[in-house]
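Analysis of the macromolecular model
Now for the letters of each chain:
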Amino acid sequence: MPTITLRLNGNSVTAAVEARTLLVDLLRERLGLTGTHVGCDTSQCGACTVHVNGRSVKSCTMFAVEADGGEVTTIEGLATDGEMHPMQKAFHESHALQCGFCTPGMVMSAVDLVRRKPDASEKEIREWLEGNLCRCTGYHNIVKAVQAAAKSARR
Amino acid sequence: MATEGIGASVLRKEDRRFLTGAGTYTDDVSRPNQTYMQVVRSPHAHARIVKIGSDAAKRAPGVLAVLTGADLAAEKIGNLPAGWQIHSKDGTPMVEPPHPALAHEKVRYVGDPVAIVVAQTKDQAREAAALVEVEYQELPAAASIAQATKSGAPLVWDQAKGNVCYDWHLGDDAAVKAAFGKAHKVVKLDLVNNRLIPNAIEPRSAIGEYDKATQDYTLFTTSQNPHLIRLLLGAFSFGIPEHKLRVVAPDVGGGFGSKIFHYPEELLVLWASRKIGRPVKWTAQRSESFMSDAHGRDHVTHGELAVAKDGTFLALRVSTLANLGAYLSTFAPAVPTYLYGTLLAGCYKTPAIYVEVKALFTNTVPVDAYRGAGRPEAAFLLERLVDLAARELGVDRAEIRRKNFIDAFPYQTPVALQYDSGDYKATLAAALDKSRWQTFEDRRAEAKKRGKLRGIGIATYVEACGIAPSAVAGALGARAGLYESASIRVHPTGTISVFTGTHSHGQGHETTFAQLVSEKLGVPVANVEVVHGDTSKIPFGMGTYGSRSLAVGGSALVNAADKVIAKARKIAAHLLEAGEGDLEFKDGKFTVVGTDRSKTIGEVALTAYVPHKYPAGLEPGLEETSFYDPKNFTFPAGCHVAEVEIDPDTGKTDVVAFTAVDDVGRVVNPMIVEGQVHGGLAQGIGQALYEGALYDDAGQLVSGSFLSYTMPRAADLPSFQQGTNTTDCTHNPLGAKGVGETGSIGSPAAVINAVVDALKDLGVRHVDMPATPERVWRTIRDAKKS
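Here is a short report on the structure shown in this document. Per-chain numbering applies: the sequence of each chain, read as written, is numbered from 1 onward. The naming scheme follows written order: chains are lettered A onward, ligands numbered 1 onward. For a predicted model such as this one, the threshold for reporting local features is a pLDDT of at least 70, and the threshold for listing and counting side-chain atom pairs is 80 or more; totals across whole chains, interfaces and linings nevertheless cover every residue.

**Considerations on the overall build of chain B**
The helix and strand labels rest on DSSP assignments: H or I over at least four residues marks a helix, E over at least two residues marks a strand, and numbering proceeds from the N terminus. Broken down by element type, chain B carries 20 helices and 28 strands. In terms of overall size, chain B behaves like a compact globule, its C-alpha atoms giving a radius of gyration of 27 Å where 786 residues would be expected to give roughly 28 Å. With the C-alpha coordinates of chain B rotated into their principal frame, the extents come out at 90 × 75 × 50 Å. Here a residue counts as buried when 20 or more other C-beta atoms sit within 10 Å of its C-beta, as exposed when there are 12 or fewer, and as partly exposed otherwise, the C-beta atoms being derived from the backbone. Put simply, chain B has 786 residues, and 59% of those count as buried. Both definitions apply: the radius of gyration is a C-alpha atom measure, and the globule rule equals 2.2 Å times residues to the power 0.38.

Structure follows, in structure tokens:
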């Protein structure tokens, strides 16, 4: 089995993985980071979105070995010193989550959007989020949360 | 406490764990020494099982057990029961075929479980499952209502002649006939209510754990109602003592009805765990969810509305064929009957109504309650007929509704329900105002200049929720009571634990219920912890569905709080050396009226647990439980207005504006109420424009993944405009009606009414759901041809 080393939420992690092991399975099953969720088997729902080298990636669509040497951030690594990331706070304040299952992926995806395009319009936000399914919120408050977080990022 | 009590948009207490990845969903739970189960499912819609060869699978690496329906039958393990019995017109009970957890002898839908493989790892279980050799003899299938009702159709069950489960009716046939005889016009419509797949984003999951030493069982499961699952497993399917079974539904990632039901896998993980002596975990892959979660809707209906010349509704006649799938799921028989036929009065004074429903078995996955459950089907039919009536009489669509609205309460409908309160005219007026109904024609004209067809549609609805008065439900065929429970434990230091039989899987009960306690007992929301979802902790409760949690569970909680106050008053009176009647309880404090002498609820609680100076004969402690059985259903109502724009070249329909004004009774947390409405609207718009479960003629599920089943995505939906127009429920202590399902009930009809309005100049009178680009494009093309 190949051995890989990556920086995960700021810590160095070394693991022996099967070549076929998906990044999400490494995170959830081996490393106990269950904040990253699996909602489908066709790379459609986006619940498993994490950051790899700063970009949002569906961790069900990538082999763990592909993250070798890389930097991976999951939802567990987004807060700093117990202080939630502005996007997490915006989701809380805008009631942008209900059951919470799509939330980690939605937040990770939204953080990447605001990094790339802090002045995204409502239309651009909605189009960006097309890779993340939510069944609870109708996206209404998610869009509001992303707008609020983007606004505070521009300040 | 006004900033935290009833009416305040308190931010949710549960958010932090979800936002930081610290939620605990069933698949996040790992038990020591855990193993993994994979289900082998039928690839055929209908077939005889000739032989199951499991030798190769048993020899595969890591495999601990391979079990089949024959093993289940040999151990005489029971069937999954239906929770509701419907009787046909002629008084005979519905046909109730057995529903084993693993199919035995025959499979009846694609996805029907035939065997399980348990192995050391998930991958090993999956690989070995592929080695189970099932020899099938294929049989012809009846995979749709059309196929199942053909003469000579293949029978899903030999005992169900014509594939009919029951042939039910409600209402006064003779009165309807008489009214039709006198009608100025009869408006007729055939329509389909499309089959939907609930698709909570968290797939179903279950972990079974048997402790040989104590003979205790624990089941972790993605359920909306853990006690109901314990009861069904204990008393019916698995047949183990209830007190030896703990059911935990931890954080659950959405339900929408699909996680109410008792599913085979819940039994299978427990059974397998008992066999191998280790915990057994199963989590559905999404493709399994598509073929094994109960689907929703799936009706074919003919409706006729008799109207007078002035637009007064005289009578309604409805004939519906309802698809129940291959087996009866837990609540399935009730959905197209008492949750559908009883709602056909809607907001209107139609004096005579008659509805017939023939429920059919087909070779498809079971169909059961999905958000709205019967009520969206009723509203869709009624509101389409009303729009057609307006059109055929040449009267305004808002005016014909206004004219026929029920305007005096209580109102006894001709289909068994008695509405307690409502204000339909004001709700309609608010929705028309917010949606800029009056100026719509300007927007239509402007769109036309851009080559777009713009339309606007109204739909009103009434739903019956707060399910349900037990005696009434029992008389209608329910095999369970439908009360709810709540306990309040005031701790010695004055903080509070609340134990509720309802289950929160997105609804925010941990916040809303804390607000209720805060309002009643005058303690901060931060000092109230709401516990739910674990049968070892909470009182027996019926769970969350049918928009019942606040109206029924919240009422239980309010009554429990009143009991706490009553006992605390005795203690406070003793401490203050005053009569109980001289005390006022406000903002968490008992005060001797007209004095400044008072005791806080915290001081009283401490005394209750350190009862040194204490009333004679009073038990120590401050903990109270209440079971609340509702006196009636509650009747949320509303008016939804959709505005759509159609590209005639592609048929693509965009919802450009959507307004919902709802009466959900007293609102505890407006922010959460708005969120519930948003989600319901997305599902309703999804039904109208995007979603549809498709089986081919052989019974293969064609829409079996997110690639082929269109879930509404962010760019497919508008931002919503919302309002509430509240009339209190008159028969529960909160005045609450319920909001969980409203969004999905009014919206499909509003959208389709708008689509038809956009196409009206082409002579189009109906478009079936989902109004996909292809369907709309074909409709336009056919209309232009004719």
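**Description of the packing of helix H11 (residues 397–404) of chain B against helix H12 (residues 424–434) of chain B**
Residue and element names in this part refer to chain B. To obtain each axis, a line is fitted to C-alpha atoms, and for helices this fit is confined to the stretch in contact; angles are then taken between N-to-C directions over 0 to 180 degrees. Between H11 and H12, the least distance of the axes is 10 Å, while the angle of their chain directions is 165°. Compared by their axis directions, H11 and H12 come out roughly antiparallel. In this structure, H11 meets H12 at a crossing whose hand is left-handed. Within the contact between the two elements, H11 uses Ala398, Arg401 and Arg402 and H12 uses Lys425, Leu428 and Leu432. Grouping the constituent residues of the contact of H11 with H12 by class yields 3 nonpolar, no polar and 3 charged. Under this scheme an angle from 65 to 115 degrees is roughly perpendicular, one under 35 degrees roughly parallel, and one over 145 degrees roughly antiparallel; angles in between are oblique. Working rule for handedness: look at the near helix, and if it is turned counterclockwise from the far one by less than a right angle, call the crossing left-handed; if clockwise, right-handed. Any pair of residues counts as being in contact when their C-beta atoms, constructed from backbone geometry, are within 7 Å of one another. Residues are grouped as follows: Ala, Val, Leu, Ile, Met, Phe, Trp, Tyr, Cys and Pro are nonpolar; Asp, Glu, Lys and Arg are charged; every other residue, Gly included, is polar.

**Remarks on the environment of valine 517 of chain B**
Residues and elements named next belong to chain B. If you trace the backbone, valine 517 turns up in helix H15 (residues 509–521). Look at valine 517 and you get buried, because 27 C-beta atoms sit within 10 Å. Once the C-alpha coordinates of valine 517 and valine 134 are considered, the two residues, 383 residues apart in sequence, prove to be 56 Å apart. Discounting chain neighbours no more than four positions away, the residues touching valine 517 are Ile488, Ile496, Val498, Val523, Val528, Leu557 and Ala561.

**Considering the nonpolar core**
All names here are of chain B. In terms of nonpolar packing, the biggest core is built from 307 residues, with Met37, Val117, Val517, Val751 and Val755 touching the most fellow members. With 13 residues, helix H16 (residues 549–576) is the largest single contributor of residues to this core. Not counting chain neighbours up to four residues away, the residues in contact with methionine 37 comprise Ile116, Val118, Ala125, Leu268, Val269, Ala272, Val280, Lys281 and Trp282. We define a nonpolar core as a collection of buried residues of the types Ala, Val, Leu, Ile, Met, Phe, Trp, Tyr and Cys that are connected via C-beta atoms lying within 7 Å of each other.

**Things to note about the sheet that holds strand E2 (residues 11–16) of chain A**
Residue and element names in this part refer to chain A. Strand order across the open sheet formed by 5 strands is E2-E1-E5-E3-E4, with mixed pairing between neighbours. Two strands bound the open sheet, and with one partner strand each, they are E2 and strand E4 (55–58). The mean angle between the axes of side-by-side strands here comes to 40°, regardless of whether they run parallel or antiparallel. When strand E1 (residues 3–8) meets E2, the two strands line up antiparallel, connected through 6 bridges. Residue pairing across strands places threonine 5 opposite threonine 14, the latter belonging to E2. Across the sheet, helix H3 (residues 103–116) lies against strand E3 (49–52) and E4, angled at about 40° from E3, the strand it touches most. Criterion used throughout: strands pair if DSSP finds at least two bridges between them.

**Quick word on the interface of chain B and chain A**
The interface of chain B with chain A comprises 43 residues on the first partner and 43 residues on the second. Elements supplying a minimum of two residues to the side of chain B that touches chain A: helix H1 (15–19), helix H9 (286–292) and helix H18 (670–690) of chain B. For the side of chain B that touches chain A, the per-class residue count stands at 21 nonpolar, 15 polar and 7 charged.

**Brief notes about H18 of chain B**
Taking 1.5 Å as the rise per residue, H18 of chain B with 21 residues should run 30 Å; its terminal C-alpha atoms sit 29 Å apart, in good agreement. Taking burial as the measure, the 21 residues of H18 of chain B include 19 buried ones, the bulk of the element. Each helix should span, by expectation, one fewer than its residue count multiplied by 1.5 Å.

**Notes on the pairing of strand E5 (residues 113–119) of chain B**
In the case of a regular strand, side chains alternate between the two sheet surfaces. Residues and elements named next belong to chain B. The element E5 is largely enclosed, with a buried count of 7 among its 7 residues. Relative to E5, strand E1 (residues 35–41) is paired through 6 bridges, and the arrangement is antiparallel. Counterpart to arginine 41 in the pairing with E5 is proline 113. Note: strand E3 (residues 63–68) against E5, 5 bridges, orientation antiparallel. Bridge pairing in E5 places alanine 65 opposite valine 118.

**Considerations on the sheet that holds strand E19 (residues 484–490) of chain B**
Residue and element names in this part refer to chain B. Taken together, the 4 strands give an open sheet; going across it, the order is E21-E20-E19-E25, and neighbouring strands pair in mixed fashion. The open sheet terminates on both sides in strands that have one partner only, identified here as strand E21 (528–531) and strand E25 (623–628). The average undirected angle you get between the axes of adjacent strands in this sheet is 15°. As paired elements, E19 and E25 share 6 bridges and run antiparallel to each other. Among the inter-strand pairings, arginine 489 is bridged to a residue of E25, identified as glutamate 623. Of the strands in this sheet, E19, strand E20 (496–500) and E21 are in contact with H15, which crosses E21 at around 135°.

**Thoughts on unusual backbone geometry**
Residues and elements named next belong to chain B. With an omega dihedral of 0°, the bond running from phenylalanine 409 to proline 410 counts as a cis peptide bond. Considering the arrangement of structural elements, one finds proline 410 in the loop between H11 and strand E16 (411–412). In the segment running from methionine 769 into proline 770, the intervening peptide bond is cis, with an omega of -10°. Of note, proline 770 is situated in the loop between helix H19 (742–758) and helix H20 (773–785). In the Ramachandran plot, lysine 76 falls in the positive-phi region, its phi being about 55° despite a non-glycine side chain. Relative to the helices and strands, lysine 76 is located in the loop between helix H3 (69–74) and strand E4 (106–107). Residue lysine 76 is classed as exposed on the basis of its 7 C-beta neighbours within 10 Å. Backbone geometry places aspartate 298, a non-glycine residue, at a positive phi of 70°. Here aspartate 298 is to be found in the loop between H9 and strand E13 (299–307). Take aspartate 298: there are 26 C-beta atoms within 10 Å of it, and that puts it in the buried class.

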